[in-house]
Amino acid sequence: MYANGQALCEDLHFRDHAEARVPVQVYHKGKHSDIGFINTFNLHFVQVNKNIYRRDHFTFISRPGY
């Protein structure tokens, strides 16, 4: 599906990861913030675990097999 370390930026990427329960790692300014599964998302936000992250402030990385 996605390569380990691939950045997620489109709705399709977030939807695929949420539906397939593929973990994502969340970074803010290059520093690790969180890792887990996408619960929900929209154009502006992504919820990973119980935390909500702005898509324009954070980077989301695919972590299949984690």
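Residues numbered from 1 in each chain as written. Predicted model: local features only at pLDDT ≥ 70, side-chain atom pairs only at ≥ 80, totals over all residues. Heavy atoms only, no water.

Caption draft 1: Highlighting the sheet that holds strand 4 (residues 38-41). With antiparallel pairing, three strands are arranged side by side in an open sheet as 4-5-6. Pairing within the sheet leaves two strands with one partner each, and these edge strands are strand 4 and strand 6 (51-54). Pairwise comparison of adjacent strand axes, ignoring direction, gives a mean angle of 25° for this sheet. Pairing geometry for strand 5 (residues 45-48) and strand 6, over four bridges, is antiparallel. Directly across from Val46, in strand 6, lies its bridge partner Tyr53. (Pairing = 2+ DSSP bridges. Helix = DSSP H or I, 4+ residues; strand = E, 2+ residues; numbered from the N terminus. Axes fitted to C-alpha atoms, helices over the stretch in contact; angles between N-to-C directions.)

Caption draft 2: The arrangement of the sheet that holds strand 3 (residues 31-36) in detail. Spatial strand order, 1-7-2-3: four strands in an open sheet with antiparallel pairing. Among the strands making up the open sheet, the edge pair consists of strand 1 (7-8) and strand 3.

Caption draft 3: Focus on unusual backbone geometry. Unusually for a residue other than glycine, Arg21 sits at a positive phi of about 55°. You can call Arg21 partly exposed: its relative accessible area is 43%. (Buried < 20%, exposed > 50% of the residue type's maximum accessible area, 1.4 Å probe, protein only.)

Caption draft 4: Quick peek at the packing of aromatic side chains. The final tally for this structure, using the stated rule, is four aromatic pairs. Taking 4.8 Å as the distance between ring centres and 70° as the angle between the ring planes, the aromatic pair formed by Tyr53 and Phe58 counts as edge-to-face. In this structure Tyr53 comes out as buried when scored by relative accessible area, which is 7%. Phe58 sits in the partly exposed class, given a relative accessible area of 21%. Between Tyr53 and Phe60 the ring centres are 6.5 Å apart and the planes differ by 70°, which places this aromatic pair in the edge-to-face class. Overall, Phe60 belongs to the buried group, its relative accessible area being 2%. Taken together, the aromatic side chains of Phe14, Phe41, Tyr53, Phe58 and Phe60 make up a single cluster linked through ring pairs. (Phe/Tyr/Trp six-rings, centres within 6.5 Å; stacked < 30°, edge-to-face > 60°.)

Caption draft 5: Geometry of the pattern of salt bridges. A full pass over the atoms with the stated rule returns two salt bridges. One salt bridge connects Asp11 with Arg55, and the closest N-O pair in it is separated by 2.7 Å. Linking Asp11 in helix 1 (residues 11-20) with Arg55 in the loop between strand 6 and strand 7 (59-62), this pair joins segments that are 44 residues apart in sequence. For the salt bridge of Asp56 with Arg54, the shortest nitrogen-to-oxygen distance reads 2.9 Å. Residue classification places Asp56 among the exposed positions, given a relative accessible area of 55%. (Salt bridge = Lys/Arg side-chain N within 4 Å of Asp/Glu carboxyl O.)

These figures come from the coordinates and say nothing about function on their own.
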